[in-house]
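Residues per chain are reported as follows:
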Amino acid sequence: MRVTVSRKAHFNAAHRLYRKDWTFEKNQAVFGKCNNPNYHGHNYELIVSVTGEIDPETGYVMDLGELAAIIQREVEERLDHKNLNLDVPEFENLNPTAEHIAVVIWDKLRKEIATNKDLEVVLYETPRNFVTYNGK
C-alpha cells in the first residue's frame, strides 16, 4: 500500500531571467519584464510530496516533522530572502526559471529522503503559474 504525504512551505526570493550569452534585446524579447536588470521577486509556495509504503511500526510513510526540518534546512534557509542570481551558487550559471528552481530544490531534497520513496515538488511562482517535478 503506497501512500503520499505532503508538506507545504513558503519562501520569498528575487531573480532575473536572462542569459549572459544573449544580447539585452534578445533577453528582453524572450523574458520581457522578467529580464529587469534590477531583478524582481516572488512569494514562492512549495509543496513537497513523498510517496512510499506505510511503515508497519510507526504508521508513517515519513515523519512529517523530519520532512519539515529537511525543507527548512535545504530550501528555506538557502533560498528565502535571497537574490537567486547573486546569492545562490546553483544559479551562478543556471537561469533561475521556475523550472530550474524546482529541479534544484528536488535535487537538494532527494539527497535527504530515502531512495525507496518517490519525491515530487510543486513550486508555485504565482497563484496561477506553477511547476511540477518528480525526477523524471
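Preceding block: the structure.
Predicted model only: the values in this text are computed from it and were never measured.

Undergrad: Help me understand the pattern of salt bridges in this model?
TA: Note that side chains of opposite charge can pair when their charged atoms are close. Scanning the model with the defined rule gives 6 salt bridges in all. Between Glu74 and Arg73 there is a salt bridge, with its nearest N and O atoms 3.3 Å apart. The salt bridge partner of Glu90 is Lys108, with a shortest N-O separation of 2.7 Å. Residue Glu90 is located in the loop between helix H3 (84-87) and helix H4 (98-110), and its partner Lys108 is located in helix H4; the two are separated by 18 residues in the primary sequence. Residue class for Glu90 comes out partly exposed when judged on its relative accessible area of 28%. Judged by its relative accessible area of 16%, Lys108 falls in the buried class.

Undergrad: Which parts of the structure should I look at to understand H4?
TA: Since there are 3.6 residues in each turn of an α-helix, residues three or four apart along the chain are aligned in direction. Helix length check: H4, at 13 residues, gives a terminal C-alpha distance of 18 Å against a target of 18 Å (1.5 Å per residue), a fit within 8%. Among the residues of H4, those classed as buried are Ala98, Ile101, Ala102, Val104, Ile105, Trp106, Lys108, Leu109 and Arg110. The inward-facing, buried residues of H4 contact strand E1 (2-15), strand E2 (40-53), helix H2 (64-79), H3, strand E4 (118-124) and strand E5 (130-133).

What counts and what doesn't
In every chain, residue numbers begin from 1 and rise along the written sequence. Per-residue local features of the predicted model are confined to residues with pLDDT of at least 70, and side-chain atom pairs are confined, for both listing and counting, to 80 or more; whole-chain, interface and lining totals are unaffected and use all residues. Excluding hydrogens and water, the side-chain values take into account all heavy atoms of the structure. Salt bridge, as used here: a side-chain nitrogen of Lys or Arg that lies within 4 Å of a carboxyl oxygen of Asp or Glu. Counting from the N terminus, the helices are DSSP H or I runs at least four residues long and the strands are E runs at least two residues long. Relative accessibility thresholds used throughout: buried, under 20% of the residue-type maximum; exposed, over 50%; partly exposed, between the two (1.4 Å probe, protein chains only). Multiply 1.5 Å by the residue count of a helix minus one, and that product is the helix's expected span. Contacts are assigned to residue pairs with any non-hydrogen atoms lying within 4.5 Å of each other.

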